[in-house]
Amino acid sequence: MCWIFAYVGETDSREKLVNGLKMLEYRGYDSAWMVGLTNSSEVFIEKAVGRVSALATKVASKSEDTKLYTTGIAHTRWATHGGVTEANTHPHVSTNERFYIVHNGIIENYKEIKASLESDHTFYSQTDTEVVAKLIESLYDGNLKSTMEKVAAKLVGAYSLAVIDRENPGTIVGIKLWSPLIVGEATDGIYISSDVNALAALAESYTILEDHEMIVIEDKKYSIFLAGEQVERASQEVEEGQKIDELWNFTSYTEKEIFDIPSVLENVWSGRINFETKEIKNETLDALAELDIDRICIISSGSSYYAGDIGGYFFRKFAGIPCQAIISSEFLADTFIPEKKTLYVFLSQSGETADVRESMKIVKAKGCMTFGIVNVVGSTIARMADYGLYSHAGVEVWVASTKNVIAQVWVLLMVAVALGKSRDMQISDVRDLIAELSELPDKISETLMQGPHIKKLAKKYSNYDDMFVLGRNYFYPVAGEASLKCKELSYIHCEAYSAGELKHGPLALVSPKFPTMVFNPMGKFYSKTVSNVQEVAAREGPILWFISKNDTHNELYTDTIELSETSELLSVFTGLVSSYLFALYLAEALWRDVDKPRNLAKSVTVE
Ligand code: M6R
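The paragraphs below set out a description of the structure included in this document. Small disclaimer: the values here were computed from a predicted structure and weren't measured. (Residues numbered from 1 in each chain as written. Predicted model: local features only at pLDDT ≥ 70, side-chain atom pairs only at ≥ 80, totals over all residues. Heavy atoms only, no water.)

Thoughts on the pattern of salt bridges
A full pass over the atoms with the stated rule returns 29 salt bridges. One salt bridge in this structure joins Glu167 and Arg98, with 3.4 Å as the shortest N-O distance. Within this pair, whereas Glu167 is found in the loop between β7 (157–165) and β8 (172–177), its partner Arg98 is found in the loop between β5 (92–93) and β6 (99–107), the two being separated by 69 residues in sequence. Judged by its relative accessible area of 56%, Glu167 falls in the exposed class. Among the ionic pairs, Glu339 bridges to Arg295, the shortest N-O distance being 2.5 Å. One end of the pair, Glu339, is in the loop between α11 (328–333) and β20 (342–348); the other, Arg295, is in strand β18 (residues 295–300), with 44 residues separating them in the sequence. For Glu339, a relative accessible area of 30% corresponds to the partly exposed category. Residues participating in the shared-partner salt-bridge network are Asp12, Arg14, Glu42, Asp65 and Lys67. (Salt bridge = Lys/Arg side-chain N within 4 Å of Asp/Glu carboxyl O. Helix = DSSP H or I, 4+ residues; strand = E, 2+ residues; numbered from the N terminus. Buried < 20%, exposed > 50% of the residue type's maximum accessible area, 1.4 Å probe, protein only.)

Right, here's the structure in full:
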């Protein structure tokens, strides 16, 4: 996957491209490159394997080159086709070195296209993108716009593409299908980007392209076309919340985003819940409550999947509606039996995850009801959904999803209560629950204050190579999410199990070298989970307990992290937050690059 950025204007593009790539880097950081064109067709090319900072250093070292490369395209790559090598980091160019392209997505039929072009072109890389560069040359009809219409007709897959023509500096043509493409307007020129966040600091307004649309930038203006006809669309102003915030005194964005959680909650519930009147008030929730639903199916990936799985417990408990959470790639792999009375819920921070997007396409094609809970405003999944609520977590910059998971879980809880209220849930129970939830920001702040204690424990546990994480009921998916975060950030092997499941096989792995983390707040399942953990203790497995503050069975525990003194429900949120701190500090103890874990990218737009 390559995330793309482009600029046309009066001034030199190189610094703008580097800055744009830095903002997009969270989406992939295997390699980066850029091409600039002067108005007299001179070309500037730079590439670097690794981080955008490596590209920035190379570009800066060429400061003696004072030409104005006023047209430029750039990309940052997360390897899909072909390894992280110099050759695959090459700017993708046609054989005649006239057309340079940047591409985000996957061209599924690239092998067939390549085979049809092989007699006339020599390929220097294994990438699907290079094939498109060659295809542009072979279909070129004297006009880049009409050529790109022909190119689009040949491509199968998901793509957003931007092309520059060495013989027409000042022109960029972009096309898109499923992958995002956004154009930004600024006083210094026109930008193209894979996301709004990268544009937010540079442009004053932006327009999101729809599928099959084409953007043509020439003569310092841009026009959008659909099937050859010009499309009129008002641009939207960039809002403050779309800009990537400063790091302030935090050591990583991951840490900052965890500490942002109490304030994120205020955004999430604004306009949705009134704590004074203890009411849920929201048009979308009211509309959902009117729907004739007898089942809910939640489809998502990674952390969003675990948030969805927690949501499943809420729907069953508060709304009495059967609910199943499914990993989106498995949804795609399974037989889909459409159900008209099922609400299909799609959760995604980025709103661009390919597995989720493709699942949604299948559900929509059968005319079923879709509901999106998405963080990035205007993203593909958000725009595809019949109903939707934004998670309003603010920009999540780097790879680990944290504050957005909390926001997703919160939104799911609101939906479950709104549906419950219109069914059998008593108004007094709704009011009690809202009163309880009003304490959440304070409880999370208390959890965050345990940072130094959690750091000390993380240091100790960073000495292990493997870990189990156990939980029951709500805390089973909480354990799943905790284990994902530990793996992703620290690279320690960490597996989640339902507490009751350990004895059915995995217990064989427990030893003094194999610790177990356990989420076990006071509540209905407390004693059962204690019994399960005693089975671990009997095998001398070290145990780290996540317990309620009022837990009196201290004699059982070796190491503890306190969740909150209140309910099981609030402990879901504080449990997640404390596990985020634990994973963060585990990673820091092992000197990991917390914001940019190896092999990963923030937004996965390939299946
Ligand atoms: O943008 P999405 O929520 O759809 O992304 C889904 C996963 O790729 C994402 O949650 C991933 O698992 C995170 N890196 C976890 O921290």
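Don't stop here, the text continues.
Remarks on the sheet that holds strand β14 (residues 229–231)
Spatial ordering of the open sheet is given by β5-β6-β7-β8-β12-β13-β14, a layout of seven strands whose pairing is antiparallel. A strand with exactly one partner marks an edge of an open sheet, and here the two such strands are β5 and β14. As judged from the three bridges shared by strand β13 (residues 221–226) and β14, these two strands associate in the antiparallel manner. In the strand pairing of β14, Ile224 is matched with Val231. On the sheet, helix α4 (residues 128–139) packs against β5, β6 and β7 and is oriented at approximately 130° with respect to β6. (Pairing = 2+ DSSP bridges. Contact = heavy atoms within 4.5 Å. Axes fitted to C-alpha atoms, helices over the stretch in contact; angles between N-to-C directions.)

Comments concerning the packing of helix α8 (residues 261–269) against helix α14 (residues 403–421)
Between α8 and α14, the least distance of the axes is 10 Å, while the angle of their chain directions is 35°. With respect to the hand of their crossing, α8 and α14 are arranged in right-handed fashion. Contacts between α8 and α14 involve Ile261, Val264, Leu265, Val268 and Trp269 from the former and Lys403, Ile406, Ala407, Trp410 and Val411 from the latter. In terms of residue class, the contact of α8 with α14 is built from nine nonpolar, no polar and one charged. (Left-handed = near helix turned anticlockwise from the far one by under 90°. Nonpolar A, V, L, I, M, F, W, Y, C, P; charged D, E, K, R; others polar.)

Function cannot be inferred from these measures alone, as they are strictly geometric.
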